[in-house]
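Structural features, examined
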Amino acid sequence: TGAAGSVLPNPFVFEVVAADSLPVPNVDVALTTSAGTLSATALRTDANGRVSSNLTLGTGVGSVTVTASVSGVPNATGTATSVGGAPASLRVET
């Protein structure tokens with residue numbers, strides 16, 4: 001959870017594992033988000049089978065989904081929540 005427009009303090013981390021639950025290095029992973037911006041979207045797993053990317057939330061509020069795609073296996077998703085940020089302006093209505 002974070003304020004709209006802010007970078008979340010922790011990255012999204014996805015791990016690619018084989019049928020024996022061991023990590024798989026050197027696999028291409030594509031990341032997409034339903035809102036906001038990811039620091040990286042085309043990645044390759046490290047020696048531990050992991051990729052990570054930081055999410056900058058968009059200006060809207062609500063649930064944000066980050067999806068990881070790897071050829072030949074079902075997608076994995078993670079979610080975050082964007083909440084109202086700090087006040088941006090003050091106006092008077094009469």
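Refer to the structure presented above.
A few points on the structure.

1. Here we look at the overall build of the protein
A tally of regular secondary structure across the protein gives 0 helices and 9 strands. Put simply, the protein runs from its N terminus to its C terminus through helices and strands in the order β-β-β-β-β-β-β-β-β. Taken over C-alpha atoms, the radius of gyration comes to 17 Å for the protein, far larger than the 12 Å a tight globule of 94 residues would show. Expressed as lengths along the three principal axes of its C-alpha atoms, the size of the protein is roughly 65 × 20 × 20 Å. For the protein, the residues scored as buried account for 27% of the 94 residues in total. Counting only contacts in the protein whose residues sit at least 6 apart along the sequence, the fraction spanning at least 24 positions is 52%. Within the structure as shown, the protein displays about 6,000 Å² of accessible surface, and the carbon and sulfur contribution to it stands at 52%.

2. Quick look at the sheet that holds strand β5 (residues 42-44)
With respect to topology, 5 strands assemble into an open sheet ordered β1-β9-β8-β3-β5, the strand pairing being mixed. Only two strands of the sheet have a single neighbouring strand rather than two, namely β1 (2-3) and β5. One ladder, built from 7 bridges, connects strand β8 (residues 62-69) with strand β9 (residues 76-83); its direction is antiparallel. Opposite S63, over in β9, you have T81 as the bridge partner.

Reading the values: rules and limits
Residues numbered from 1 in each chain as written. Predicted model: local features only at pLDDT ≥ 70, side-chain atom pairs only at ≥ 80, totals over all residues. Heavy atoms only, no water. Helix = DSSP H or I, 4+ residues; strand = E, 2+ residues; numbered from the N terminus. Rg over C-alpha atoms; globule rule 2.2 N^0.38 Å. Buried < 20%, exposed > 50% of the residue type's maximum accessible area, 1.4 Å probe, protein only. Contact = heavy atoms within 4.5 Å. Areas by Shrake-Rupley, 256 points an atom, 1.4 Å probe, with all protein chains shown as cover. Pairing = 2+ DSSP bridges.

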